[in-house]
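Architecture and fold: a report
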Amino acid sequence: MAAEVLARDGAVSVTVYDAMPSLGRKFLMAGRGGLNLTHSEVFDTFMERYGAGADALRPAIEAWSPNDVRAWCEALGQSTFVGSSGRVFPKIMKASGLLRAWLRRLETQGVALHLRHRWTGWNDSGDLVFATPAGEVSVATDAAVLALGGASWPRLGSDGAWGSVLTEIGVEVCSLRSANCGFQVAWSDVFRSRFEGQPLKSIEVAHGDSTARGEALVTASGIEGGAIYAVSSSLREAVLADGSAALTIDLKPDVNADALMAQLEKPRGKQSMATFLRKAVRLSPIAIGLMQELAFEKQQPMTSMPHEELVKAIKQATVTVTGVAAIERAISSAGGVAFSSVDGQYMLRQKPGVFVAGEMLDWEAPTGGYLLQGCFATGVAAGNGARQWVEALAD
Ligand SMILES: Cc1cc2nc3c(=O)[nH]c(=O)nc-3n(C[C@H](O)[C@H](O)[C@H](O)COP(=O)(O)OP(=O)(O)OC[C@H]3O[C@@H](n4cnc5c(N)ncnc54)[C@H](O)[C@@H]3O)c2cc1C
């Protein structure tokens, strides 16, 4: 995005360098499950998703809003649509067509591309230094935009190695941590062998003030999926601080406690408790399995639970989370260049003429299109900043 803004009228010579043999690998990966470009909700609600980073991101997102993302995508020949959850996707769902059209347009704008160029820092003359298959290369520039990503899925290119380079020149870099990630849970062998790979559907999860509706997938070592990602920021901080945290799951969020009590009053007869819960309360086998798992942990069989306890076990199933999934498998990362280290246009205070954009900056957001929107908008802002910097040098 920064390259596009800088090269818009050919007045500035722009080169993109990337460590990988091809561009946009994470962008392509993001398109695998449907490229969620942005979200259509009311702007103030939209901005709340950025939590502590909202104030620092607001000017960039106001200037390059969800509507601008859609218009940009459509101008590249990919029409968009709003899904039932309000999320915005290109009609083709995948990222490849959009990326191809985007790279073609950059090429016609005269943007040069150097792949397999890993930026390693600056030399004594202040030039950018790259490690390349042909050896070290240094490049003098009037301005630079760093958009090196966070540290999730490092095999796609962004490994967070830039952190030490920037710390060395006095930039404050907050530690990169898993965001939109799974968590570890010590399931029993019985539960794991029966339910690994299965989703808990239409649940509501809660941790602290964060709640989310959706799905969670039981994995061999824990739990992941959309609803978990949505509360992952608060859950992660609690696990990192205390070593474990309680995740509360409402297995029947659309049925209130009184209605559940009434359903539990039905005669059970000779049915097993699992069959009764499946028929009377319409709980799925995995939901019942989770209740049994938690009852087993508390050494309190469900058959001996009073109805009030059963309602609690359904509405507030409490899973103890014991660890955060590795950043390599997280959708995104929290942490990065502190906003106190950049000015309003994301220029490094320690390195005038060098701008920072995207996931490298210290913000996080849930899935839902907020990540790409934040990256696009800060890319545009950093590109505009670099453009003004270069124009000022020319004056
Ligand atoms: C599986 C998955 C699905 C996702 N789905 C969505 C989604 O649907 N919607 C959404 O909003 N977000 C989604 N995301 C997140 C989104 O893809 C990222 O937030 C976004 O790509 C970050 O953009 P970026 O430009 O900051 O970094 P990146 O896309 O990571 O790009 C950074 C680039 O910098 C290069 N680089 C890194 N270090 C160096 C170096 N030292 N020298 C030279 N080059 C370097 C890398 O090779 C890479 O090309 C998804 C992520 C994953 C992993």
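As a reminder, the structure under discussion sits directly above these lines.
Since we're looking at a predicted model, the values are computed, not measured.

Running from N to C, helix H4 (residues 54–63) and helix H15 (residues 370–394) point in directions that differ by 80 degrees, and their axes come no closer than 8 Å. By the criterion of interaxial angle, the relationship of H4 to H15 is roughly perpendicular. The segment H4 lies against H15, with Leu57, Ala60 and Ile61 engaging Gln373, Gly374, Ala377, Thr378 and Ala381. Tallied by class, residues from the contact of H4 with H15 come to five nonpolar, three polar and no charged.

As a further point, take the side chain of Ser232. Checked against the element boundaries, Ser232 lands in helix H10 (residues 232–242). Ignoring sequence-local partners within four residues, the contact set of Ser232 consists of Ala179, Asn180, Cys181 and Phe183.

The next point concerns H4. Taken as a whole, H4 has its buried residues at Ala54, Leu57, Ala60 and Ile61. Here the buried residues of H4 occupy an arc of 130 degrees about the axis, which is enough to place them on one side. Exposed positions of H4 whose direction lies more than 90 degrees from the buried face are Asp55 and Ala63.

Each strand in a sheet pairs with its neighbour through backbone hydrogen bonds, running either in the same direction (parallel) or in the opposite one (antiparallel). Taken in spatial order, the three strands make up an open sheet running S2-S4-S3, and their pairing is antiparallel. Only two strands of the sheet have a single partner each, and these edge strands are strand S2 (38–39) and strand S3 (80–82). Against the sheet, helix H5 (residues 66–75) contacts S2, S3 and strand S4 (87–90), and its axis sits at roughly 145 degrees relative to S3.

Parameters and conventions
Residues numbered from 1 in each chain as written. Predicted model: local features only at pLDDT ≥ 70, side-chain atom pairs only at ≥ 80, totals over all residues. Heavy atoms only, no water. Axes fitted to C-alpha atoms, helices over the stretch in contact; angles between N-to-C directions. Helix = DSSP H or I, 4+ residues; strand = E, 2+ residues; numbered from the N terminus. Parallel < 35°, antiparallel > 145°, perpendicular 65-115°, else oblique. Contact = heavy atoms within 4.5 Å. Nonpolar A, V, L, I, M, F, W, Y, C, P; charged D, E, K, R; others polar. Buried < 20%, exposed > 50% of the residue type's maximum accessible area, 1.4 Å probe, protein only. Arc of directions from axis to C-beta. Pairing = 2+ DSSP bridges.

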